[in-house]
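A closer look at the structure
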Amino acid sequence: MRIILMSVFLLGGLFFFMVGTIGILRLPDVFTRAHSAAKCDTLGALLCMTALIIYNGFSFVSLKILLIIIFVWVTSPTATHLIAKAEYLRQANMK
Amino acid sequence: MKMLVFSILFLCLTIILCMFRAVKGPSAADRLIAINVIGTKTIVLILIVSFILKEAYFVDVAFVYALISFISTVVIARYIENRWRKHI
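Residues numbered from 1 in each chain as written. Chains lettered and ligands numbered in written order. Predicted model: local features only at pLDDT ≥ 70, side-chain atom pairs only at ≥ 80, totals over all residues.

Side note on the overall build of chain B
Note the threshold: A helix here means a DSSP run of H or I that spans at least four residues, while a strand means a run of E at least two residues long, and both kinds are numbered starting from the N terminus. With the radius of gyration taken over C-alpha atoms, the globule rule is written as 2.2 Å times the number of residues to the power 0.38. Here exposure depends only on C-beta density: within 10 Å of a residue's C-beta, 20 or more other C-beta atoms make it buried, 12 or fewer make it exposed, and intermediate numbers make it partly exposed, the C-beta atoms being placed from the backbone. Throughout, a pair of residues is in contact if the C-beta atoms placed from their backbones lie within 7 Å.
When its secondary structure is counted, chain B shows three helices and zero strands. Secondary structure of chain B in N-to-C order comes out as α-α-α. Its C-alpha radius of gyration of 16 Å places chain B more than 25% over the 12 Å reference for a compact globule of 88 residues. By principal-axis analysis of the C-alpha atoms, chain B measures approximately 55 × 25 × 10 Å. When each of the 88 residues of chain B is scored for burial, the buried share is 33%. Of all intrachain contacts in chain B linking residues separated by at least 6 positions in sequence, the fraction that spans at least 24 positions is 42%.

What follows is the structure, encoded as C-alpha cells:
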C-alpha cells in the first residue's frame, strides 16, 4: 500500500519535471520560460520529496526532508523574481 | 526499489535536456533559469540516491546543495542587474 502511494506521488513529480523541461526548451521568451521553470521548482520537487517521506515513514530524516521542502519553496520564487527583475531592467535599458 | 532507479534515470534525462537550454540560451537570464532548475533536480536526485544506498547523511548534503544553489543564483542575478543599472 505504501509502495503504491509512493509510486503515484513519484510519477506525478516526474511528470511535472518533464512538463517544465519541455516548457524550458520550447517556449519563446525569458518570462514564459521562468513561468515554466516554476512548475519544476515547486510542484515537482514537492511531489518527489513527499513520495520519499511516505517511503521512509516518520523519523528524523523525514523532518530533514520537510525542512528541505520548506527551504526550496521559500528560495525558488525569490530567485526567479530576481532573475525576472534583472532581465526586465536589461530589456528596458536596451530600448 | 526499481521505481527509485527508474526515477533517477528519468531525472538524468531531463537534466540533459535542460543542459541544452543552458548552453544555447540567447541571454544570460535563460541560462540562469536553466541552471536553477538543474539545481532543484539535483537536490531530488541526491535524496533518491540516499534512499537507494541507505546512507542517511546524504540528506544533509542535499540541504547544503540547496543553500549553495540559492546563493549562487542570487549573486549572478544581482551582478546582471547592477551591470545594467549603471547605464541609467
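What to know about the overall build of chain A
Tallying secondary structure elements over chain A gives three helices and zero strands in all. Over its C-alpha trace chain A gives a radius of gyration of 16 Å, far above what one expects of a compact globule, namely 12 Å for 95 residues. Expressed as a percentage of the 95 residues in chain A, the buried residues total 35%. Long-range contacts, defined as pairs at least 24 residues apart, comprise 60% of the intrachain contacts of chain A with a sequence gap of at least 6.

Side note on the packing of helix H2 (residues 30–56) of chain A against helix H2 (residues 28–53) of chain B
Note the threshold: Here the axes come from fitting lines to C-alpha atoms, over the contacting stretch only for helices, and the angles between their N-to-C directions go from 0 to 180 degrees. Should an angle lie under 35 degrees it is considered roughly parallel, over 145 roughly antiparallel, and from 65 to 115 roughly perpendicular; all remaining angles are considered oblique.
Across the interface, H2(A) lies against H2(B) with an axial gap of 10 Å and an inter-helix angle of 5°. Considering the angle they form, H2(A) stands roughly parallel to H2(B). Here H2(A) contributes A:Val30, A:Arg33, A:Ala34, A:Ala37, A:Cys40, A:Asp41, A:Ala45, A:Cys48, A:Met49, A:Leu52 and A:Tyr55 to the contact with H2(B), which in turn contributes B:Ala29, B:Asp30, B:Ile33, B:Asn36, B:Val37, B:Thr40, B:Val44, B:Leu47, B:Ile48 and B:Phe51.

Describing unusual backbone geometry
The backbone phi angle of B:Lys54 is positive, close to 60°, even though this residue is not glycine. On the secondary structure map, B:Lys54 appears in the loop between H2 and helix H3 (58–85).

Observations regarding the interface of chain A and chain B
Interface size is commonly expressed as the accessible surface area that is lost when the partners come together. Applied cut-off: Asp, Glu, Lys and Arg are counted as charged, while Ala, Val, Leu, Ile, Met, Phe, Trp, Tyr, Cys and Pro are counted as nonpolar; the rest, among them Gly, fall into the polar class.
Every contact between the two is made by 38 residues of chain A and, on the other side, 40 residues of chain B. Looking at the side of chain A that touches chain B, the elements that each hand over two or more residues are helix H1 (2–26), H2 and helix H3 (60–94) of chain A. Looking at the side of chain A that touches chain B element by element, the count peaks at 18 residues for H3(A). Looking at the side of chain A that touches chain B residue by residue, the classes come out as 26 nonpolar, six polar and six charged.

Details of the nonpolar core
Stated formally: As used throughout, a nonpolar core is a set of buried Ala, Val, Leu, Ile, Met, Phe, Trp, Tyr and Cys residues joined through C-beta atoms within 7 Å of each other.
If you look at the biggest cluster of nonpolar residues, it comprises 40 residues, and the most contacted ones within it are A:Cys48, A:Met49, A:Ile83, B:Ile33, B:Val37, B:Val44 and B:Leu47. Contributing elements (two or more residues each) for this core: H1, H2 and H3 of chain A together with helix H1 (2–24), H2 and H3 of chain B. B:Ile33 has contacts with A:Arg33, A:Ala34, A:Ala37 and A:Ile83, leaving out every residue within four places of it along the chain.

Things to note about H1(B)
Selection rule: Here the expected span of a helix is defined as 1.5 Å times the quantity of residues minus one.
Its 23 residues give H1(B) an end-to-end C-alpha distance of 34 Å, which sits within 8% of 33 Å, the value for a rise of 1.5 Å per residue. Buried residues of H1(B): B:Ser7, B:Leu11, B:Thr14, B:Cys18 and B:Arg21, and no others. Tucked into the core, H1(B) has its buried residues touching H1 of chain A together with H2 of chain B.

Details of H2(A)
Here H2(A) is 27 residues long and its end C-alpha atoms lie 38 Å apart, about the 39 Å a rise of 1.5 Å per residue gives. At the C-terminal side of H2(A), A:Gly57 shows a positive phi close to 85°.

Quick word on the environment of B:Glu81
Take B:Glu81: it is sitting in helix H3. On a C-alpha basis, the gap between B:Glu81 and B:Phe70 in space is 17 Å, while along the polypeptide they are eleven residues apart. If sequence neighbours within four positions are ignored, B:Glu81 has contacts with A:Lys85, A:Ala86 and A:Leu89.

A short note on the confidence of the model for chain A
To keep things clear, this is the line we draw: Across the chain, each position has a pLDDT score giving the predictor's confidence in that residue, from 0 to 100.
Of the residues in chain A, 99% have a pLDDT of 70 or more, and the chain-wide mean is 91. When mean pLDDT is compared element by element in chain A, H1(A) scores highest at 92, while H3(A) scores lowest at 90.

Digging into the confidence of the model for chain B
Averaged over all residues, the pLDDT of chain B equals 89, while 97% of them reach at least 70. Listed scores for the predicted complex are pTM 0.91 and ipTM 0.90.

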